[in-house]
Amino acid sequence: MTRYLISFNDGAMDHIPAEEMPDVGKASHAVVQEAVNAGVWVFGGGLERQQASVVATDGTVTDGPYPETKEVVGGFVVVDVATREEALVWAAKIAAGCRCAQEVRELMDDPETDAMLREAAGR
């Protein structure tokens, strides 16, 4: 299986009137439940609107994001599926629930981290 990041930009849901947000929440949570039931849900959530902090390799903390950044992530889901096509199907379901377009990106495979997680789960 391969993990995919499905995400949308901050502000992507700003077009939705406040009175419709409860319905959007219900629709979005229905997709989450479907993904959990299908065994493909890994993790996800929305991000608070806030200025990010950037921590350098020496530990120095500065305000971010970088000045040239035009868009930041507003929310994301990680799914673990067999193919990119399957990830695109989940992205379409999420887009319908959230009422906004979704980006899909394959996460790099990391067998060492997977082994660490399996070992921790066995404790």
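The structure under discussion appears in the preceding block.
Below is a summary of the structure that appears in this document. (Residues numbered from 1 in each chain as written. Predicted model: local features only at pLDDT ≥ 70, side-chain atom pairs only at ≥ 80, totals over all residues. Heavy atoms only, no water.)

**Here's the deal with the pairing of strand 5 (residues 73-81)**
Here is the key point about a regular strand: its side chains alternate between the two faces of the sheet. What counts here: Any two strands are treated as partners once DSSP identifies two or more bridges connecting them. Put simply, DSSP marks the helices as runs of H or I at least four residues long and the strands as runs of E at least two long, and each gets a number from the N terminus on.
Direction of pairing for strand 1 (residues 2-9) relative to strand 5: antiparallel, over a ladder of 8 bridges. The residue bridging tyrosine 4 from the neighbouring strand is valine 79, located in strand 5.

**Brief notes about the state of the cysteines**
Where we set the bar: Note that a disulfide, as used here, is simply two cysteine sulfur atoms within 2.5 Å. Relative accessibility under 20% of the residue-type maximum defines a buried residue, over 50% an exposed one, and the middle range a partly exposed one, all with a 1.4 Å probe and only protein chains included.
Tallied over the entire structure, the rule returns 0 disulfides. Just so you know, cysteine 98 is unpaired, no disulfide at all, and the nearest cysteine sulfur is the one on cysteine 100, 5.0 Å from it. For cysteine 100, a relative accessible area of 7% corresponds to the buried category.

**Re the sheet that holds strand 5**
Here is the rule: All axes are obtained by fitting lines to C-alpha atoms, using only the stretch in contact for helices, and the reported angles, taken between N-to-C directions, cover 0 to 180 degrees. In what follows, residue pairs with any heavy atoms lying within 4.5 Å of each other are defined as contacts.
Taken together, 4 strands build an open sheet; the order of strands is 2-5-1-6 and the sheet is antiparallel. For this open sheet the edge positions go to strand 2 (41-46) and strand 6 (103-106), each flanked by a neighbour on one side alone. Across the sheet, the mean angle from the axis of one strand to that of its neighbour is 20°, orientation sign disregarded. Along the sheet, helix 2 (residues 84-98) contacts strand 1, strand 5 and strand 6; its crossing angle with strand 1, the most-contacted strand, is approximately 30°.

**A look at the side chain of aspartate 114**
Relative to the assigned elements, aspartate 114 resides in helix 3 (residues 111-121). Setting aside anything within four residues of it in sequence, one finds aspartate 114 in contact with Arg3 and Asp109.

**Looking at the environment of arginine 118**
For arginine 118, the position within the fold is in helix 3. Residue classification places arginine 118 among the exposed residues on the basis of a relative accessible area of 57%. Put simply, arginine 118 and glutamate 71 are 47 residues apart on the chain and 35 Å apart in space, counted from C-alpha to C-alpha.

**Re the packing of helix 1 (residues 21-38) against helix 2**
Any two packed helices are characterised by how steeply their axes cross, that is the angle between the axes, and by the distance between the axes. So the rule is basically this: When describing relative orientation, an angle under 35 degrees is termed roughly parallel and one over 145 degrees roughly antiparallel, while 65 to 115 degrees is termed roughly perpendicular and anything else oblique. Amino acids are sorted into nonpolar (Ala, Val, Leu, Ile, Met, Phe, Trp, Tyr, Cys and Pro), charged (Asp, Glu, Lys and Arg) and polar (every other residue, Gly among them).
Between helix 1 and helix 2, the least distance of the axes is 7 Å, while the angle of their chain directions is 155°. Classified by the interaxial angle, the pair formed by helix 1 and helix 2 is roughly antiparallel. Counted together, Val24, Ala27, Ser28, Val31, Glu34, Ala35 and Ala38 of helix 1 and Trp90, Lys93, Ile94, Gly97 and Cys98 of helix 2 form the full contact between these two elements. For the contact of helix 1 with helix 2, the class distribution of residues is 8 nonpolar, 2 polar and 2 charged.

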